[in-house]
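# Per-entry structural report
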Amino acid sequence: MCALISLDLSYTKIEHIPPHIQNLVNLEVLLVHHSSLREICYDISMLKNLKTVDFSDNYLEQFPLELALIPNITHINVSNNQIDWIPPDIAGLSDLAFLNVKGNNNILIPPQIREMASTSRTTILFGRK
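Residues numbered from 1 in each chain as written. Predicted model: local features only at pLDDT ≥ 70, side-chain atom pairs only at ≥ 80, totals over all residues. Heavy atoms only, no water.

### Some remarks on the overall build of the protein chain
As a reminder of what qualifies: Here a helix means four or more residues in a row that DSSP labels H or I, a strand means two or more in a row labelled E, and each is numbered from the N terminus. The globule rule used for comparison is 2.2 Å times the number of residues to the exponent 0.38, while the radius of gyration itself is calculated over C-alpha atoms. Think of it in three bands: with a 1.4 Å probe and only protein chains considered, a residue is buried below 20% of the maximum accessible area for its type, exposed above 50%, and partly exposed in between. Working rule for contacts: check all heavy atoms of both residues, and any pair within 4.5 Å makes them a contact. Charged residues are defined narrowly, with Lys and Arg counted positive, Asp and Glu counted negative, and His plus the chain ends left uncounted. Note on charges: their place is set at NZ of Lys, CZ of Arg, CG of Asp or CD of Glu.
Of the regular secondary structure elements, the protein chain holds one helix and six strands. Overall, the protein chain shows an N-to-C arrangement of helices and strands of β-β-β-β-β-α-β. Taking 2.2 N^0.38 as the reference for a compact globule, 129 residues should give roughly 14 Å; the C-alpha atoms of the protein chain span a radius of gyration of 14 Å, in line with that estimate. Once the C-alpha set of the protein chain is aligned to its principal axes, its extents read approximately 40 × 30 × 20 Å. With 129 residues in all, the protein chain has 44% of them scored as buried. For the protein chain, the share of sequence-separated contacts (at least 6 apart) that also reach a separation of at least 24 residues comes to 30%. Charge separation in the protein chain, taken as the distance between the mean sites of 9 positive and 13 negative side-chain charges, equals 7 Å.

### Quick word on the environment of leucine 125
With respect to the helices and strands, leucine 125 occurs in strand β6 (residues 123-125). Sequence separation between leucine 125 and asparagine 77 is 48 residues, and the spatial gap between their C-alpha atoms is 9.3 Å. Discounting residues that sit within four places of it in the chain, leucine 125 has contacts with Phe98, Leu99, Asn100, Val101 and Lys102.

### What about the side chain of serine 56?
The test is simple: Counted as a polar contact is a pair of N or O atoms within 3.5 Å, where, for protein atoms, one must be capable of donating a hydrogen and the other of accepting one, and residues adjacent in sequence contribute only when both atoms are in side chains.
The residue serine 56 is located in the loop between β3 (52-54) and β4 (75-77) in this model. Engagement of the side chain of serine 56 in a polar contact is seen with the side chain of aspartate 54, the distance being 2.6 Å. Apart from residues no more than four positions distant in its own chain, serine 56 is found in contact with Val32, His33, His34, Asn77, Val78, Ser79 and Asn81.

### Considerations on the sheet that holds strand β2 (residues 29-31)
Inclusion rule: Strand pairing is assigned whenever DSSP identifies at least 2 bridges connecting the two strands. Note on geometry: axes are C-alpha line fits, over the in-contact stretch for helices, and angles between N-to-C directions span 0 to 180 degrees.
Pairing is parallel in the open sheet, where six strands are placed in the order β1-β2-β3-β4-β5-β6. Of all the strands in the sheet, just β1 (6-8) and β6 have a single pairing partner and so form its edges. Adjacent strand axes in the sheet meet at a mean angle of 5°, parallel and antiparallel pairs treated alike. For β4 and strand β5 (residues 98-100), the ladder comprises three bridges, and the chain directions are parallel. Within the sheet, the bridge partner assigned to isoleucine 76 lies in β5 and is leucine 99.

### Examining unusual backbone geometry
You will see that lysine 13, though not glycine, has its phi angle at about 65°, which is positive. With respect to the element layout, lysine 13 can be found in the loop between β1 and β2. The backbone of asparagine 106 shows a phi angle near 50°, a positive value even though the residue is not glycine.

This is the structure:
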């Protein structure tokens, strides 16, 4: 199971990602969209090979801060949740190419994140539902 590079838990009604996820050290793609996800465990930050996460269409109330600790991440989709702010730490992800936070009501976008978009190194999608 450690050789697994892609995991799709979408449409499973899962509410949280189990801590054992850290055992999937080669995981590059994690898809958990259209579920009942409410929180992300800290252990996801141990997945240093993770490049793409899709947590869209869930019930997340906070942006997963743990994602800021994954240096190689390139794509983050947390659209259509209940997130109201993005941590400025995300601006430190030098490989981040795509960030989708669209469909989160009244989301606060810090200046550091807006600057990422203006430098054309990252595509950021945001807006109301």
